[in-house]
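# Structure assessment
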Amino acid sequence: MKIGVNAGHGPNVGARANGYEEERLNKMMNLMFMALGGIRGHTMIDATGQRKDDYIEGAEICNANNVDVAVSSHFNIGVGPGVEVFYRAPKSGDTEEMLRRIDDTRAMAHAVSQAIATTYGLYDRGEKPTGKLGFLNLATTRAPAILIEWGFLDAPGNTDVPKIIANPTSGVLAVLQVLERHFNSPGVNPYPKPRSKQQKGSQGSEVSWLQRFLNSLKRYLRLSEDGSFGPVTQGVVLRYQSDNRLEPDGIAGPLTLAKMGVTGTICPYAEPSVSLKKGSQGEGVSWIQWQLNRRMKAGLVVDGGFGNLTDTAVRNFQRLNNGLAVDGIVGSMTRARLKEETSIRIV
Ligand SMILES: [Zn+2]
């Protein structure tokens, strides 16, 4: 997902106590967010402003970049101990939809505060609605936005901040994990996104992507990420579909994959797992015909019947792709080339 992070205060210094300078600590947490978020596969936007009204500038940057969620990092003085997380308070005139969104952000703020408290052994002050004066960025950011007060610079016994700065990665990681759970984001998924329908019998790394995605939701039976779409994977896909009001057929087709965040055109046929040639029949042949039409505008009728026209188109494709034997047989090598993103130039 796209996450905007803001270190706050612009040219202002922020809070100071016990030799700590807030803006330095804020920036350290922001750097951790940028680095760890990037490693976990998110698009990170540094929304720290330079203007005096950094809060508003931060919201402008988040809005201009269309972030999915915004996180602002701060440290407090005055009333410690503990961690607290702010969210935009409801106000009169808010629509039903807005109230529902605020309640959702409140739940996220609650979970973030709890995760930070648990990570560092801090007192959990919990989620707080913004007061009349507070944190304009939370009111003007379109995406759900929270502001973390990681700790009090003058916490009693001066123990909170040292724990955080000794290990900032753990706290930032805990926050990112809450956001990922909250938005059902898969985080890092090292496998290639499916470009075709996946169903029972499908094989390969696109199946592993699906298995990793379903595992990342932490809601279903844990799947082995073995790239083999068997009955257990099918069962979890069925559960996912009924949880998401999709037609429960146990097949990860274009609609189900789109719900999982796979963008772009998805082939509505499943890739064959065996070699096919003239005379072959079925969905695997439709997959080949669909790919030939996509890759080189072959103009084939997608009917699942491997006849003379399909045979000619396959041989043409093989001739145009160095390294493929021109034999009319569609095996794993030809399939790998057929799946490639770009369309080929026919001269
Ligand atoms: Zn601050």
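Here we summarise the structure given alongside this text. (Residues numbered from 1 in each chain as written. Predicted model: local features only at pLDDT ≥ 70, side-chain atom pairs only at ≥ 80, totals over all residues.)

Attention shifts here to the packing of helix α10 (residues 283–296) against helix α11 (residues 308–320). Two packed helices can be described by the angle between their axes and the distance between those axes. Across the interface, α10 lies against α11 with an axial gap of 11 Å and an inter-helix angle of 50°. On the basis of the axis angle, α10 is oblique to α11. Of the two elements, α10 crosses α11, and the hand of that crossing is left-handed. Across the interface between the two elements, I288, Q289, L292, R295 and M296 from α10 touch T310, A313, V314 and F317 from α11. Per-class residue counts for the contact of α10 with α11 are six nonpolar, two polar and one charged. (Axes fitted to C-alpha atoms, helices over the stretch in contact; angles between N-to-C directions. Helix = DSSP H or I, 4+ residues; strand = E, 2+ residues; numbered from the N terminus. Parallel < 35°, antiparallel > 145°, perpendicular 65-115°, else oblique. Left-handed = near helix turned anticlockwise from the far one by under 90°. Contact = placed C-beta atoms within 7 Å. Nonpolar A, V, L, I, M, F, W, Y, C, P; charged D, E, K, R; others polar.)

All right, on to the sheet that holds strand β4 (residues 43–46) then. Within the open sheet, the six strands sit side by side as β4-β1-β5-β8-β6-β7. Their pairing is mixed. The sheet is open, and its two edges are formed by β4 and β7 (124–129), each paired on a single side. On average, each strand axis in the sheet is inclined to that of its neighbour by 20°, with strand direction left out of account. Strand direction decides the pairing type here: strand β6 (residues 83–87) and strand β8 (residues 145–152), joined by three bridges, are antiparallel. Note on β8: the bridge partner recorded for F86 is L147. Running at roughly 165° to strand β1 (residues 2–6), helix α2 (residues 54–64) makes contact with β1, β4 and β5 (69–76) of the sheet. Lying over the sheet, helix α3 (residues 96–120) contacts β6, β7 and β8, oriented at roughly 165° with respect to β6. (Pairing = 2+ DSSP bridges.)

The subject of this paragraph is the environment of I148. Tracing the backbone through its elements, the reader meets I148 in strand β8. With 137 residues separating them in the primary sequence, I148 and P11 have C-alpha atoms 20 Å apart. With residues near it in sequence (within four places) discarded, I148 still touches V71, S72, S73, H74, V85 and V112.

Core analysis: the biggest nonpolar cluster contains 49 residues, and I3, V71, V112, I116, I146 and V175 have the highest contact counts within it. When residues of this core are assigned to their parent elements, the largest contribution, seven residues, is made by α3. Excluding anything up to four places from it in sequence, V175 contacts V71, V112, A115 and I116. One finds Y269, I288, F317 and V330 within the second-largest nonpolar core, a separate group that totals 15 residues. (Core = buried A, V, L, I, M, F, W, Y, C linked by C-beta atoms within 7 Å. Buried ≥ 20, exposed ≤ 12 C-beta atoms within 10 Å, placed from the backbone.)

This part covers unusual backbone geometry. Of note, the phi angle at N66 is positive, near 55°, even though the residue is not glycine. Secondary-structure assignment places N66 in the loop between α2 and β5. Judged by local crowding, N66 falls into the exposed class, with 11 C-beta atoms found within 10 Å.

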